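Observations on the model geometry
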Amino acid sequence: MEPETNTMRIAFLGLGNMGGPMALNLHKAGHAVQAFDLSAAACDRLRADGVGIAASAAEAVQKAEVVISMLPASQHVEALYLGGQGLLAQLPAGALVIDCSTISAATARKLAEAAAARGLDCLDAPVSGGTGGAIAGTLTFMVGGSAQALERARPLLEKMGANIFHAGDAGAGQTAKICNNMLLGILMIGTSEAIALGVANGLDPKVLSEIMRRSSGGNWALEKYNPLPGVMENAPASKGYAGGFGTDLMLKDLGLAQENATAVRAATPLGGLARSLYAAHSLAGHGALDFSSVIRLVQKA
Ligand code: NAD
């Protein structure tokens, strides 16, 4: 990656499966990154890559021009910025907040309003593209907030992603994200069913997957994220469903979609069924495994 001439001071909070590689890409681009995660192991991984690690979120943001967060869910974002830790009140004047976590649109709007009350720009910028996209710097960003704040953020987003969409005002990025993830949750179950059906009939899963990938059933799971172990070398399925996108995170996103559907009186029957299936899978003890492990619900034991 080319070194960045316009170096910025960035605080990066949340260094998990996604945040870790995203922070590393900003560091590699030459930015001055101060990173923090509650998990010491996550901090150690980034420290080993040469990224600056702060002792706390408050220390990380002390001199930050831009604060980026990549946390699990709404409650973590709310607690960090607005709750006990009250980080928003501690940000330097003029700092830009970019929250990349997938959270409810309502929480994103609440954060944006609180930031505006302090005179700070704030964007919701959830991502798609999985851990592979985070590592390669090819994520898709779905951004909610002002066009002017997005232009401030764009040079940084371009170091982490390949596609940047302005979805609309505050919260709109999150709404786009839950629509996308509802579709992803549904299609992963559908893909799993189709592969399991073929395998139950004695078909070679690699051959069947390739046939469907190049036919009218082709989709992202067949392209990049085959749910059956051994079909695709780099997919989480072939690594014991470790890393990737946790079942419980998918369950959270499908819950957000259903809450939203209830609020706007939208009909999302398959989204509702998918939420129930991931919930059953999580209850069976698989919440921490990558969401493609949902194939176990339909696979022959
Ligand atoms: P993760 O669980 O791997 O990482 C989250 C990290 O946040 C953890 O390391 C945790 O310790 C840290 N954290 C929690 N509270 C914190 C706090 N107050 N301060 C600092 N660190 C804190 O999750 P992930 O897979 O990286 O996902 C992060 C977000 O991105 C989620 O909202 C998820 O829905 C979304 N997302 C994930 C993927 C994926 O493929 N994993 C893809 C797109 C979007």
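Residues numbered from 1 in each chain as written. Predicted model: local features only at pLDDT ≥ 70, side-chain atom pairs only at ≥ 80, totals over all residues. Heavy atoms only, no water.

A word on the site of the ligand
Taken together, 23 residues lie near the ligand, and N17, M18, D37, P72 and K252 sit nearest. Residue N17 places a main-chain N or O atom 2.9 Å away from an oxygen atom belonging to the ligand. Between the ligand and L71, the relevant distance is 3.0 Å, taken from an oxygen atom to a main-chain nitrogen or oxygen of the residue. Contact with the protein chains hides 88% of the accessible area of the ligand, taken as 840 Å² for the molecule alone. Secondary structure elements with two or more residues in the shell around the ligand: α7 (130–136) and α12 (247–264). Shared between two domains, the shell around the ligand holds at least three residues of each, these being domain 1 (9–169) and domain 2 (175–297). (Near = heavy atom within 4 Å. Polar contact = N/O pair within 3.5 Å; in protein donor to acceptor, adjacent residues only side chain to side chain. Areas by Shrake-Rupley, 256 points an atom, 1.4 Å probe, with all protein chains shown as cover. Helix = DSSP H or I, 4+ residues; strand = E, 2+ residues; numbered from the N terminus. Domains from an automatic or database assignment.)

What about the state of the cysteines?
What we call a disulfide is simply a covalent bond connecting the sulfur atoms of a pair of cysteines. As enumerated under the stated definition, the model contains 0 disulfides in all. No disulfide involves C100; its nearest neighbouring cysteine sulfur is the one of C122, lying 11 Å away. The class for C100 is buried, based on a relative accessible area of 0%. C179 carries a free sulfur, and the closest cysteine sulfur to it, the one in C100, is 19 Å from it. (Disulfide = S-S within 2.5 Å. Buried < 20%, exposed > 50% of the residue type's maximum accessible area, 1.4 Å probe, protein only.)

A closer look at unusual backbone geometry
At Y241, a position not held by glycine, the phi torsion is positive, near 60°. When you line up the elements, Y241 lands in the loop between α11 (220–224) and α12. A relative accessible area of 2% places Y241 in the buried class. The phi angle at R265 is positive, at roughly 60°, despite the residue not being glycine. Position of R265 relative to the elements: it lies in the loop between α12 and α13 (269–286). Here R265 falls in the exposed class, since its relative accessible area comes to 77%.

A word on the packing of aromatic side chains
Under the definition given, this model contains 4 aromatic pairs. Seen in terms of ring centroids, Y225 and F291 are 5.5 Å apart; in terms of plane orientation they differ by 40°. Their pairing is tilted. With Y225 in the loop between α11 and α12 and F291 in the segment after α13, this pair connects stretches of sequence that are 66 residues apart. By relative accessible area, F291 is classed as buried at 1%. Among the aromatic residues, those joined into a cluster by ring pairs are W220, Y225, F245, Y278 and F291. (Phe/Tyr/Trp six-rings, centres within 6.5 Å; stacked < 30°, edge-to-face > 60°.)

Topic: the domain arrangement of the protein chain
Each assigned domain of the protein chain is listed with its residue range as follows: domain 1 (9–169) and domain 2 (175–297). Measuring from the centre of the C-alpha atoms in domain 1 to the corresponding centre in domain 2 gives 27 Å. Each partner contributes to the interface: domain 1 provides 14 residues, whereas domain 2 provides 11 residues. Counting the surface lost from both domain 1 and domain 2, the interface buries some 930 Å², and carbon and sulfur atoms represent 64% of this. Inspection of the region where domain 1 meets domain 2 yields 0 salt bridges. Viewed at the interface, domain 2 and domain 1 are joined by 4 residue pairs in polar contact (both at pLDDT 80 or more). By residue class, the composition of the side of domain 1 that touches domain 2 is 8 nonpolar, 6 polar and no charged. (Contact = heavy atoms within 4.5 Å. Buried area = accessible area lost by both parts, 1.4 Å probe. Salt bridge = Lys/Arg side-chain N within 4 Å of Asp/Glu carboxyl O. Nonpolar A, V, L, I, M, F, W, Y, C, P; charged D, E, K, R; others polar.)

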